[in-house]
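Chain and residue survey
Single-letter residue listing:
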Amino acid sequence: MRERLRPGRLLPTVLAVVGVLALAGVIAFGVTHLGFLRSGHRSPFVAWTLIAWTVFAGAVLALRFVPTRWMTWLVVGGAVVIGLAAILGPPNTSTDSARYAWDGIVQHAGVSPYAHTPQSNALSGLRPDWLFPDKVDGTCEQPRYRGLGDGPLGHCTAINRPDVTTIYPPMAQLWFAAVRAFVPATAQYMPFQVAGLLVSLGVTVGLVAVLRRDGRPTWWAALWAWSPLVASEAVTNSHVDAVGAALATAGAVLVAFGRPIWGGIALGAATATKLIPAIVYPPLLGRWRNWWAIPVGIAVFGLLYVPYVLSTGLGVLGYLPGYLSEEGYEDGSRFALVSLVFRGDAATIVVGLLVLLAAFVAWRLSDPSRPWSGEVLMIGVTFLAVSPRYPWYALLLIPFVVLSGRWEWLSIGLAIALRGVWPSADAYRWWLAGAVLVIVVATLVRTRRSDWERWGSRLTFRDGPGRRALAMSSGGRGADDVR
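Residues numbered from 1 in each chain as written. Predicted model: local features only at pLDDT ≥ 70, side-chain atom pairs only at ≥ 80, totals over all residues. Heavy atoms only, no water.

1. Considerations on the overall build of the chain
The number of helices and strands found in the chain is 19 helices and 2 strands. Classification of the 483 residues of the chain by burial places 56% in the buried group. Across the chain, contacts joining residues at least 24 apart in sequence account for 73% of those joining residues at least 6 apart. (Helix = DSSP H or I, 4+ residues; strand = E, 2+ residues; numbered from the N terminus. Buried < 20%, exposed > 50% of the residue type's maximum accessible area, 1.4 Å probe, protein only. Contact = heavy atoms within 4.5 Å.)

Laid out in structure tokens, this is it:
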């Protein structure tokens, strides 16, 4: 019998629809009225971010009470509406997709993207006007453009760091080439925005499918589908991290559902898109057969590098070493929380130990058939320790928040998003500290004493091989899951 929308269920449905439309309006306003982030625009961007997240929270809260029949349609339909709003204007907080476009154009000309810098005269014949406009009276007038260093009458470029080679690994390069394969060199930012929207929608549909398989309400998928961070960083600014997050999520799901070979292929491709997805491995390894994902992933990672190594040699490392130094990861100055206590090399060592500890805990406590909470712990602790300053890194965390139900870890994404539009080290520390407080309080409220005792037994190897084998083979959600 068809489910009717009773009067008592009509109000939350209307509120959810209004919330989605309001959120789309907020995002559209930000895309069309808040130009490229520059001096004087910090406060409007912070206000816009907080308003978007507030409307998002209200819309998701209303969605929880929508009838089941309408819930999935609202999640997916809302993702389309919000995504379309996000492509109404050019990138507004980053020009990374300008480098993506250039790397794709270069590859279609038969040149390795690792071989030359954008300002190299060897590639001057490939430069489209929208990426390399002429200087006006010897200057680059728009904030998103900078000079190429080729004299006062030369060109400007929208590519950041035009004097260094690309930083992006081979799977990312294949993505750049694939997106640019269907458009002329004159096409600007829209191709990557449309591609980012398609990836985002693909993740939404995949999350809905997994939630339905596990018997959980599909409104959880809205935490990705309607997220202002996803709309901004996966669509408007088109960051390739969305592809890495999609592949990492697919790989983890495949491994957890008993497909370690296919899962390893996806995880290897994810790591070759953006290296950070490698941290999703530890929570998957509680079952011996899942270990096959490691050699398969490493093999795929290596194979993807082969064509570029053959053409460029060690140049495939690109600007990665310089980037790590520039961002303060070599001397430990970038670690917002850890650097309060430890400095220099000591900070780097402490961060490494924290990540290893998180990997051990996630490995021991994760239910191998549903490792989602372990993934959230692994990724979340890594982000708290490393404290990246760019919001698109948080795209990797959100799908596992959806699958685990650990909504409190979204506070890390909000903290990183605020850091992206207000680059204050002191403020970032407060935002991260607030995220830690939210996570700790929610965990203490949610967790029973018996769970702590069982987790203690697992961490100290007192659970016994028989019990662990039973826990692994049960396939149910039990105390062994990091909830």
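Additional details are given in the paragraphs that follow.
2. Section: the nonpolar core
Ile27, Leu63, Leu131, Trp226, Leu395 and Ile412 are the most contacted members of the largest nonpolar core, which has 133 residues in total. With sequence-adjacent residues up to four places away left out, Leu63 is seen in contact with Ala16, Met71, Leu74, Val75, Trp219, Ala222 and Trp226. Of all hydrophobic cores here, the second largest spans 5 residues; its members include Ala272, Val296, Val300 and Leu304. (Core = buried A, V, L, I, M, F, W, Y, C linked by side-chain atoms within 4.5 Å.)

3. Comments concerning the UniProt feature "transmembrane region" (unreviewed entry) in the chain
Taken from the UniProt record, the annotation "transmembrane region" (unreviewed entry) applies to residues 12-33, 45-63, 70-89, 192-211, 291-320, 340-363 and 428-445. Taken end to end, residues 340-363 is 83% helix and 0% strand, and its two terminal C-alpha atoms sit 29 Å from one another. (UniProt positions renumbered as here; feature names shortened; annotations may be inferred.)

4. As for the state of the cysteines
Summed over all chains, the structure comprises 1 disulfide. Disulfide pairing places Cys140 opposite Cys156 at an S-S distance of 2.1 Å. Here the disulfide of Cys140 and Cys156 is left-handed, its torsion about the S-S bond being about -100°. Of this pair, Cys140 sits in the loop between helix 4 (96-108) and strand 1 (146-147) while Cys156 sits in strand 2 (residues 156-157), and the two are 16 residues apart along the sequence. Classification of Cys140 by relative accessible area gives partly exposed; the value is 22%. (Disulfide = S-S within 2.5 Å.)

5. Considering the side chain of Arg127
In this fold, Arg127 is placed in the loop between helix 4 and strand 1. Reaching out from Arg127, the side chain makes a polar contact with the backbone oxygen of Pro118 at a distance of 3.4 Å. Side-chain polar atoms of Arg127 contact the backbone oxygen of Gln119, separated by 3.2 Å. (Polar contact = N/O pair within 3.5 Å; in protein donor to acceptor, adjacent residues only side chain to side chain.)

6. What about the pattern of salt bridges?
Using the criterion set out here, one finds 9 salt bridges in the structure. Taking the shortest distance from any N to any O, the salt bridge between Arg406 and Glu408 comes out at 2.7 Å. Judged by relative accessible area, which is 1%, Glu408 ranks as buried. When salt bridges with common partners are traced through the structure, they connect Arg213, Asp214 and Arg370 into a single cluster. (Salt bridge = Lys/Arg side-chain N within 4 Å of Asp/Glu carboxyl O.)

7. Let's talk about unusual backbone geometry
Of note in this structure, Ser238 is not a glycine but carries a positive phi near 55°. Even without being glycine, Phe461 reaches a positive phi, approximately 60°. Take Phe461: it is sitting in the loop between helix 18 (449-459) and helix 19 (465-474).

8. Section: the packing of aromatic side chains
Inspection of every chain in the model, using the stated rule, returns 19 aromatic pairs. Note on Tyr390 and Tyr393: the rings are 6.4 Å apart at their centroids and 20° apart in plane angle, and the pair reads as stacked. You'll find Tyr390 and Tyr393 in the same group, each marked buried. Taken together through their ring pairs, the aromatic side chains of Tyr100, Tyr168, Phe176 and Phe192 make up a single cluster. In this structure, Arg364 is placed above the aromatic ring of Trp363, and the distance from its NZ or CZ to the ring centre is 5.6 Å. (Phe/Tyr/Trp six-rings, centres within 6.5 Å; stacked < 30°, edge-to-face > 60°. Lys NZ or Arg CZ within 6 Å of the ring centre and 35° of its normal.)

9. Considering helix 13 (residues 344-365)
Given a rise of 1.5 Å per residue, 22 residues ought to cover 32 Å, and the 32 Å separating the end C-alpha atoms of helix 13 matches this to within 8%. Of all the positions in helix 13, only Ala347, Val350, Val351, Val355, Ala358, Ala359, Val361, Ala362, Arg364 and Leu365 are classed as buried. (Expected span 1.5 Å × (residues − 1).)

10. Describing the side chain of Ser369
Structurally, Ser369 can be placed in the loop between helix 13 and helix 14 (372-386). Among the residues examined, Ser369 registers a relative accessible area of 10% and is labelled buried. One polar contact links Ser369 to Asp367, side chain to side chain, over a distance of 2.9 Å.

11. Examining the packing of helix 13 against helix 18
It is the contact of helix 13 with helix 18, at a shortest axis distance of 9 Å, that shows an interaxial angle of 110°. As judged from the angle between their axes, helix 13 and helix 18 are roughly perpendicular. Between helix 13 and helix 18, the contacting residues are Phe360, Val361, Arg364 and Leu365 on the first element and Trp455, Arg458 and Leu459 on the second. For the contact of helix 13 with helix 18, the class distribution of residues is 5 nonpolar, no polar and 2 charged. (Axes fitted to C-alpha atoms, helices over the stretch in contact; angles between N-to-C directions. Parallel < 35°, antiparallel > 145°, perpendicular 65-115°, else oblique. Nonpolar A, V, L, I, M, F, W, Y, C, P; charged D, E, K, R; others polar.)

12. So, a nonpolar patch on the surface
Together, Leu254, Ile261, Trp262, Ile265 and Trp292 make up a nonpolar patch on the protein surface, roughly 520 Å² of accessible area in all. No other element matches helix 10 (residues 260-271), which puts 3 residues into the nonpolar patch. Summarising the element assignment, Ile261 is placed in helix 10. (Patch = residues over 30% accessible without salt bridge, like charges linked within 9 Å, V, L, I, M, F, W, Y side chains within 5 Å. Areas by Shrake-Rupley, 256 points an atom, 1.4 Å probe, with all protein chains shown as cover.)

13. Description of the packing of helix 3 (residues 68-86) against helix 8 (residues 228-236)
It is at 9 Å that the axes of helix 3 and helix 8 come closest, and there the two elements cross at 55°. It follows from the interaxial angle that helix 3 and helix 8 lie oblique. Between helix 3 and helix 8 lies a crossing whose hand is right-handed. Taking contact as the criterion, the partners of Ile82, Gly83 and Ala86 in helix 3 are, on helix 8, Ala231, Val235 and Thr236. Here the residues of the contact of helix 3 with helix 8 sort into 4 nonpolar, 2 polar and no charged. (Left-handed = near helix turned anticlockwise from the far one by under 90°.)

14. Focus: the confidence of the model for the chain
A low pLDDT means the predicted coordinates there should not be read in detail. Residues at a pLDDT of 70 or more form 89% of the chain, whose mean pLDDT is 88. Confidence, read as mean pLDDT per element, is least for helix 19 in the chain (39) and greatest for helix 7 (residues 222-225) (98). Below pLDDT 50 for its whole length, residues 466-483 participates in 46 contacts with residues either more than four positions away or in separate chains. (pLDDT = per-residue confidence, 0-100.)

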